[in-house]
Amino acid sequence: MLVAPSLILILLIAVWPVLQSFYYSLFDLRLNNPTKSEVNLSYHIDLEKYLNSYPFLISTLEDEAGKAKGSTADTLNGLIKELKDVDTGIQSDAAVKKKYEQVDDKLTNMEPVSEELSSVKVDKADAMKLDKTLHKVSTQVKDLKGLKSEEDALGLSSSLNEAVIKPNFIGFDHYKSNLTDKRMWMAIWNTSAFTIISVFIELVLGLAIAVLINKAFFGRGLVRATILIPWAIPTAVSAKMWQFLYDGQNGIVAKIFEKIGLVDNATDLLTSNIGAMFSIIFTDVWKTTPYMALLLLAGLQTISSSLYEAASIDGATKWKQFTTITLPLLKSSILVALLFRTLDAFRVFDLVYVLTGGGPANSTETISILAYKRMFEQTNFGDGSALSVIVFVCVAVISMIFIKFLGRDLLNDK
């Protein structure tokens, strides 16, 4: 009975956003380009832009043709005729003509034109003919030396060309370009190095802390509450705090690392490639180890103390008890902790973005930060969506490798 609701939830929460990102990744979708700001599968014309330029371009060319003589006048009159023929072809469709007249009336009366009314679907042949004619106008106007309104004609022609909205479906071009992009592979490398090193250190330290606070001692409750403080601080806040601590001029941690010889110069922590990566990993370990310890502590508390008592009577050392009782029985908890932390670490964004911004020289740029930059700083939503899909594929592959490596099939409900 619960299968159908579960599948619907998975579809809505997990699958649908990925499918949506994959769909957008197939388009050249750019917010900074009016002709590519939306998904277009067919040719359209922005009538508001078209009618704001077309009459003035015709008027400009007619004025120049009236003053010109000989071949210049013939060329200009030929261009005017071609533009009018294209305009007539566009209006040959009854639906287009109706919107054309409505938009023209609104512009004449200086009334706002809605986006729905302005955008009109046109035949590919008409759109291509308009594009070709405008290119011809630009080329021949430049060749006709001495036109007084040359800049006006070229500007109007360029503006008119922006009214033509072409299909921006490009298939897998974003994936092809990203898979041959050194910057993307460097981001994957940075992300993988950060994930492997930080999760490994967090597992070792988290396990040690979990074993320690699992024992009964005075003040255990206070210790358990205290170690959770780093985890309770929002990631962006802790990243900013550590940015001050790593500061080469006034940062306390930077000065201590310099004193004990961990770094040659305090300024290296955030200005050198290795120093910046070390700073990020150190901060993540500081923040996330308590979370790992908490997950492992929950697993430790499910192990019966009678097992340790029996092993002790048999003469097993503490290390032997740890390797033969604790680790095998803690396997499921370790699996869950590793899965959670690996997924979190591979998708890391806010910690790195606040602490180093991906620098210096992209040496700490993760795949999530690269996707953010492409999507929001460059407003290239198609390319950013392709990178998001790549992140999803990487996370899925890593998760399956962990499950296989640990010998547990979490996809099996038995």
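Refer to the structure above for everything that follows.
Residues numbered from 1 in each chain as written. Predicted model: local features only at pLDDT ≥ 70, side-chain atom pairs only at ≥ 80, totals over all residues. Heavy atoms only, no water.

Some words on the overall build of the protein chain
Stated formally: Under the DSSP-based scheme used, a helix requires at least four consecutive residues in state H or I and a strand at least two consecutive residues in state E, with every element numbered from the N terminus. Exposure classes here rest on a 1.4 Å probe applied to the protein chains alone. A residue is buried below 20% of its type maximum, exposed above 50%, and partly exposed in between. Between two residues, a contact is recorded if the distance between any of their heavy atoms is within 4.5 Å. Neither His nor the chain ends contribute to the count of charged residues, in which Lys and Arg are positive and Asp and Glu negative. For charged residues, the charge sits on one atom: NZ in Lys, CZ in Arg, CG in Asp, CD in Glu.
Counting secondary structure elements, the protein chain contains 21 helices and three strands. Counting only C-alpha atoms, the protein chain reaches 110 × 65 × 40 Å along its principal axes. Looking at the protein chain as a whole, 40% of its 414 residues are labelled buried. A fraction of 71% describes how many contacts in the protein chain between residues 6 or more apart in sequence connect residues 24 or more apart. Distance between charge centres in the protein chain, computed from 40 positive and 43 negative side chains, equals 8 Å.

Brief notes about unusual backbone geometry
A cis geometry characterises the amide bond from G359 onward to P360, with omega recorded as -5°. For A361, which is not glycine, the phi torsion reads 55° and is therefore positive. Mapped onto the fold, A361 is located in the loop between α19 (350–355) and α20 (367–377). With phi around 50°, T379 is a residue other than glycine that occupies positive phi space. By the element assignment, T379 lies in the loop between α20 and α21 (381–405). Taking relative accessible area as the criterion, T379 reaches 16% and is therefore assigned buried.

Digging into the sheet that holds strand β2 (residues 119–121)
The pairing of strands in a sheet happens through backbone hydrogen bonds and is either parallel or antiparallel. Heads up, the rule is: Pairing between two strands is assigned when DSSP locates at least 2 bridges connecting them.
Strand order in the open sheet made by the three strands is β2-β1-β3, with antiparallel pairing throughout. On the outer flanks of this sheet lie β2 and β3 (164–165), each paired with one strand and no other. Relative to β3, strand β1 (residues 44–46) runs antiparallel, the two being bridged by two bridges. By the bridge assignment for β3, H44 is matched with I165.

Points about the pattern of salt bridges
Note the following rule: A carboxyl oxygen of Asp or Glu within 4 Å of a side-chain nitrogen of Lys or Arg is what we treat as a salt bridge.
Within the structure shown, the criterion is met by 16 salt bridges. Between K136 and E82 there is a salt bridge whose closest N-O contact spans 2.5 Å. Within this pair, whereas K136 is found in helix α6 (residues 124–143), its partner E82 is found in helix α3 (residues 70–90), the two being separated by 54 residues in sequence. Beyond isolated ion pairs, a larger network of salt bridges with shared partners links E202, D284, R341, D344 and R347.

From the geometry alone we can't say anything about function, so treat these as descriptive.
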